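Structural description and commentary
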Amino acid sequence: MRRESGGRIDRGTTLRFIFDGTEYTGHPGDTLASALLANGVRQVATSVKLGRPRGIVSAGGEEPSAVVQIEAPFPEPMLPATTVELYEGLVASSIPGQGRLATEPDPARYDAVHAHCDVLVVGAGPAGLAAARAAAGTGARVILADERSEPGGSLLGTRESVTEPEADDVLGPQEVSPGAEWAAATAAMLDGLPEVRVLPRTTVIGYYDDNYVVAVERRTNHLGAAAPADVARERVWRIRAKRVVLATGAHERSIAFAGNDLPGVMLAGSARAYANRYGVLPGRRAVVFTANDSAYAAAFDLADAGVEIAAIVDVRPAPGAAWAAGARERGIEVLAGHVVTAAQGDGQVCAVLVGRHRPDGEAAVGERELAADLLLVSGGWNPVVHLFSQSGGTLRYDEGLGTLVPDASRQAVEAAGAAKGVFTLTGCLADGAAAGHRALEAAHGTAVAERAAPPRATVEPATAPGAAFWLVPATDYRTHFVDPQRDVTVADVLKATGAGLRSVEHIKRYTTAGTAHDQGKTSGLLTTAIVAHALGVSVGEVGSTTFRAPYAPVSFAALAGRDRGLLHDPVRVTALHEWHVANGALFENVGQWKRPWYYPRAGEDMEAAVLRECAAARESVAAMDASTLGKIDVIGPDAAEFLDRLYTNLMSSLAVGAVRYGVMCRPDGMVFDDGTVIRLAEEHFLVTTTTGNAAAVLDWMEEWLQTEWPELRVHCTSVTEQWATVALVGPRSREVLAGLAPDLAVGAADFPFMTWRETEVAGIPARVCRISFSGELAYEINVTSWDGLRLWTAIMDTGLVTPYGTETMHVLRAEKGYPIVGQDTDGTVTPQDLGMSWVVSKKKPDFIGKRSFSRADTSRADRKQLVGLLPEDPAVLLPEGAHLVAGAEPPEPPVPTLGHVTSSYRSAALGRTFALALVRGGPSRAGERLYAPVGGALVPVTVTSHVLYDPEGARRDG
Ligand code: NAD
């Protein structure tokens, strides 16, 4: 079906490709769709629900039907064949509704770019090119982005030409030229200006606040195999623009009639583009069905290219005079006041039924059958208002144009050309130039003289108003498709309105119209109009569904960019990591950190290793790498005041040289994080956080400082990685420390609990804190991270110290009833629920969460509170998360749960298992028997205090 000559394809080069197992050829400049049509392939997909054959409907990104699977060189599911540029070796196949994701990792690279500009023009059709030209050449930074491979927009698909009334002083003289050549020359001139960037193959997908616009650029090697390794396949552009001109054009829309989804039914403007741009005849004999003049231009171009036009069926009583004359000249019959009642054919169009249009809304009757293999349709044009709407701009229904047009803008943006409802070439060129000039002045903030009169169409016949025509009335609506990709028909829409639905948003969800990957570009307003028809209201009253980003589907790979694989979630290791690996540690992931979990010896399982490690810490001495604890330096004249507001307890009273445990709550009074605060100097604190929450706490501090308390003179700096921390734990820890730190007075009186000292340990400058997360005598030794391994090795070289991991740490702290934020808490737990009323200041005037502690809900007696649980069988280990019930018999659902197990372990020190749990009424149930499910049976447990080991705190000083 390839024409003898013409089209913007390189006929000298032949590309081979495979579709559904058959090899075909095409040329550079083709899309997969144009190449398939050139080879006479009509059916390219099968519909998702009804299994109906589907063909190519459009020539652009609005395609609602011809969605294919790319197989090679790299699988890409669900791409419109109309947007896939042809390349050598392309392998594609039709899909029954759904695509397939790749099973192998994608070897290609994806990138992201940040860009700033004064004027961003979206769309390089006549309006966009005129806008960019008006804004360029004055020092303003201009970006011109268009989703297609070539500039020119709709000009690429027509035979129109453009005249420059006068030479442009910046861009030089131009002459009358065919539209596509004018577009190429203008884009090339723009690209040559240093402050202008022309981005072809770049789809703007989202418009956000503050004129932040996101685009995806498909590089020339988008899907091609011969990708240079250093070129990313796709790039995400994050653009911040002072002003935006949306010259995104218009999408032609279909009309609902019987069989309007058959392969061979095509939008009129798209058929015209196949003939002119790609040199392809989409059929041999065509019927044209229209409600406006634009389809006449399509009919004439196709007729001149050799397609027989069986008739133009026009619902209007009469077309524009110039168009009627053009039809007469070509001997084309015009059936004014008629409609197409059905497209007929088995697998593709072979005949078209035509009948008289009944303005009274009665069903039209097919009176005449016209043989045709192509049916061109134009129900009107919808301005591409998606981005304008996403920017917050409002839309209004224009009765005259029969479509939605941009109304008021909320950001520094305006629509231009067909995107604004201007449907003549001269109008689009003038409108684009004016919008570009306004954007330039706004960006510069001053008046700027216009440089040259805008270009105009060389010849343009006058157009008569179109008719807003949507639906050919019939008695059976089961093949009047509104959304072919979702197989939604007029019958489905009527079923929805019949069920009582009125809102187009509800009808969209009920019928799924507009939810496919084209997001209703050609079907959205048609659905609205059918709803309006059914409800007997105006189209404007029904309105449209919300236009949301992305405008076109985006690959996850593009959004991920380089943040993939190991870069997606970096692995963090401590300064001591290599020792842990060399000594057989198994690791646990805590946040991004790898923490030693336990160090099994030959023949030991986890249980044996943990019991041994626990025993060492309780009876002798053991050490843990605690470097992952979050550490934040808080410094400044108001640091003490700041911490008083953040923590529930008082921090300003802390003496230099002392350490205090603290809890932070959210404004709702629920525990957010806990840790210790060290006062290093009058205006300098070091705060430690839980490992997993370090970034969140820093973020929290910054948020309060920057938004609520900007008057506080405080700086917060993460120093987590700057320090290596070793916890030295157990009754013999003092002896080990004394040996390694001869200068340090280690006696209980000289170095009391909750203080810190500056000294040398193993010859390394160190800050030693006397704090304990196990109840035993313990020290936390901090050195710079590059000395961490040396410190740890020196401790291990004493031969006295057992290394232990996070599992043992958990057991030791649980025996003492110390909760872990995020394990024993879940965002619904107050410090009081954890038995820590003492950590909530009664004296401080205010702190985050204080107000919430006087709410009735936080003082309820039956809140879930932390308790200990002892299974009656001391060998039974309760599963963490197990729910607790009152009776021994399984209760009827819904089960009235009393709480759940948060931590559960075997204890060497207690010689049995135990658990911590959050239980309704908590401590008031001490001594009660409850039941927990273990392995399918309910086992009895006794409620007890959450402090099970050394409740007097006798072991703290060794
Ligand atoms: P255009 O359609 O020529 O160009 C719009 C360009 O924007 C296209 O290349 C499109 O691919 C691109 N685009 C759309 N959305 C995009 C996005 N999100 N990201 C990147 N690119 C995007 O539009 P125009 O410049 O306004 O010119 C319209 C032309 O069409 C005029 O010549 C006009 O006469 C003609 N037209 C005529 C009728 C009629 O009824 N006779 C109707 C509509 C349009």
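Residues numbered from 1 in each chain as written. Predicted model: local features only at pLDDT ≥ 70, side-chain atom pairs only at ≥ 80, totals over all residues. Heavy atoms only, no water.

**Quick look at the pattern of salt bridges**
On inspection of all chains with the given rule, the structure shows 52 salt bridges. The salt bridge involving K420 is made with D431; its shortest N-O contact spans 2.8 Å. Note that K420 is positioned in the loop between β28 (413–415) and α8 (425–444) and D431 in helix α8, a separation of 11 residues in sequence. You can call K420 partly exposed: its relative accessible area is 33%. Residue classification places D431 among the buried residues on the basis of a relative accessible area of 13%. (Salt bridge = Lys/Arg side-chain N within 4 Å of Asp/Glu carboxyl O. Helix = DSSP H or I, 4+ residues; strand = E, 2+ residues; numbered from the N terminus. Buried < 20%, exposed > 50% of the residue type's maximum accessible area, 1.4 Å probe, protein only.)

**Here's the deal with the UniProt feature "domain: Aminomethyltransferase C-terminal" (unreviewed entry) in the protein chain**
According to UniProt, the "domain: Aminomethyltransferase C-terminal" (unreviewed entry) feature falls on residues 864–950. As annotated, residues 864–950 comprises 0% helix and 48% strand, and the C-alpha atoms at either end are separated by 24 Å. (UniProt positions renumbered as here; feature names shortened; annotations may be inferred.)

**Notes on the side chain of H900**
Topologically, H900 is positioned in strand β47 (residues 899–907). Those residues in contact with H900 that lie beyond four places of it in its chain are D826, K864, G881, A882, H883, L884, A917 and L918. (Contact = heavy atoms within 4.5 Å.)

**Considerations on the packing of aromatic side chains**
If you walk through the whole model with that rule in mind, you get 20 aromatic pairs. Ring plane angle 50° and centroid distance 5.8 Å describe the contact between F751 and Y779, whose orientation is recorded as tilted. Of the two residues, F751 is situated in the loop between α18 (733–740) and β41 (756–761) and Y779 in strand β43 (residues 778–784); the sequence distance between them amounts to 28 residues. One aromatic cluster is present, formed by F642, F672, W700, W704 and W709 through successive ring pairs. (Phe/Tyr/Trp six-rings, centres within 6.5 Å; stacked < 30°, edge-to-face > 60°.)

**Thoughts on the site of the ligand**
Near the ligand lie 26 residues; those nearest to it are A127, D146, E147, S154 and A418. Here an oxygen atom of the ligand and a side-chain polar atom of S154 are 2.7 Å apart. One nitrogen or oxygen atom from the main chain of A418 is found 2.8 Å from an oxygen atom belonging to the ligand. Alone, the ligand offers 850 Å² of accessible surface; in the complex the protein occludes 92% of this. Among the secondary structure elements, those contributing two or more residues to the shell around the ligand are α2 (126–135), β13 (202–208) and α8. When residues of the shell around the ligand are assigned to their parent elements, the largest contribution, three residues, is made by β13. (Near = heavy atom within 4 Å. Polar contact = N/O pair within 3.5 Å; in protein donor to acceptor, adjacent residues only side chain to side chain. Areas by Shrake-Rupley, 256 points an atom, 1.4 Å probe, with all protein chains shown as cover.)

**Concerning the sheet that holds strand β36 (residues 659–665)**
Taken together, the five strands give an open sheet; going across it, the order is β36-β37-β38-β35-β39, and neighbouring strands pair in antiparallel fashion. A single partner strand is all that each edge strand has here, and the edge strands are β36 and β39 (715–718). Looking at each pair of strands side by side, their axes are set apart by 30° on average, direction ignored. Looking at chain direction, strand β37 (residues 671–681) and strand β38 (residues 684–689) are connected through four bridges and run antiparallel. Each bridged residue has a counterpart across the sheet, and for V677 the counterpart in β38 is V687. The strands that helix α17 (residues 694–708) touches are β35 (630–635), β36, β37, β38 and β39; relative to β35, the one it contacts most, it runs at about 25°. (Pairing = 2+ DSSP bridges. Axes fitted to C-alpha atoms, helices over the stretch in contact; angles between N-to-C directions.)

**Digging into the nonpolar core**
If you look at the biggest cluster of nonpolar residues, it comprises 51 residues, and the most contacted ones within it are F17, F19 and L32. A total of eight residues in this core trace back to one element, the largest contributor, which is helix α5 (residues 294–305). Those residues in contact with L32 that sit more than four places away from it in its chain are F17, V68, A81, V84, L86, L90 and A92. In terms of nonpolar packing, the next biggest core, distinct from the first, is built from 35 residues, A609, M624, A727 and V839 among them. (Core = buried A, V, L, I, M, F, W, Y, C linked by side-chain atoms within 4.5 Å.)

**Regarding the sheet that holds strand β6 (residues 76–80)**
In space, the five strands of this open sheet follow the order β2-β1-β7-β5-β6, with mixed pairing throughout. With partners counted over all chains shown, the strands left at the sheet margins are β2 (22–26) and β6, one partner each. Going from strand to strand, the sheet's axes swing by 35° on average, the running direction of each strand aside. The sheet contact formed by strand β1 (residues 15–19) and strand β7 (residues 90–94) spans three bridges and is parallel. Residue pairing in the sheet places F19 in a bridge with A92 of β7.

**Observations concerning the pairing of β1**
With burial as the criterion, only one face of β1 is covered, namely that bearing L15, F17 and F19; the residues R16 and I18 on the opposite face remain uncovered. Pairing between β1 and β2: five bridges, direction antiparallel. Looking across to β2, one finds that R16 is bridged to T25. Following β1, the chain reverses through two residues before pairing antiparallel with β2; D20 in that reversal takes a positive phi of roughly 45°.

**Regarding the environment of D10**
Among the secondary structure elements, D10 is positioned in the segment before β1. Using a relative accessible area of 35% as the deciding quantity, one classes D10 as partly exposed. Along the chain, D10 and Y278 lie 268 residues apart, while their C-alpha atoms are 9.8 Å from each other. Residues contacting D10, with those up to four places away along its chain left out, are H27 and P28. A polar atom in the side chain of D10 sits 2.8 Å from the side chain of T13.

**A short note on the packing of helix α9 (residues 490–498) against helix α11 (residues 524–535)**
Remark: α9 packs on α11, axes separated minimally by 10 Å, with the N-to-C direction vectors making an angle of 50°. With respect to α11, the axis of α9 lies oblique. Between α9 and α11 the crossing geometry is right-handed. Here V490, V493, L494 and T497 of α9 lie close against α11, whose contacting residues are T527, I530, V531, A534 and L535. (Parallel < 35°, antiparallel > 145°, perpendicular 65-115°, else oblique. Left-handed = near helix turned anticlockwise from the far one by under 90°.)

**Some details on the environment of D360**
Along the chain, D360 turns up in the loop between β22 (351–356) and β23 (368–371). Put simply, D360 and A59 are 301 residues apart on the chain and 35 Å apart in space, counted from C-alpha to C-alpha. A polar atom in the side chain of D360 sits 3.0 Å from the backbone nitrogen of E362.

**Thoughts on the UniProt feature "domain: GCVT N-terminal" (unreviewed entry) in the protein chain**
In the numbering used here, UniProt assigns the "domain: GCVT N-terminal" (unreviewed entry) feature to residues 576–844. Here residues 576–844 runs as 26% helix and 29% strand, with 41 Å between its end C-alpha atoms.

**Here's the deal with helix α16 (residues 639–646)**
Counting buried positions along α16 yields seven of eight residues, so the element is predominantly enclosed. For α16, the set of buried residues is A639, A640, F642, L643, D644, R645 and L646. In the core, the buried residues of α16 are packed alongside β35, β36, β37, β38, α17 and β39.

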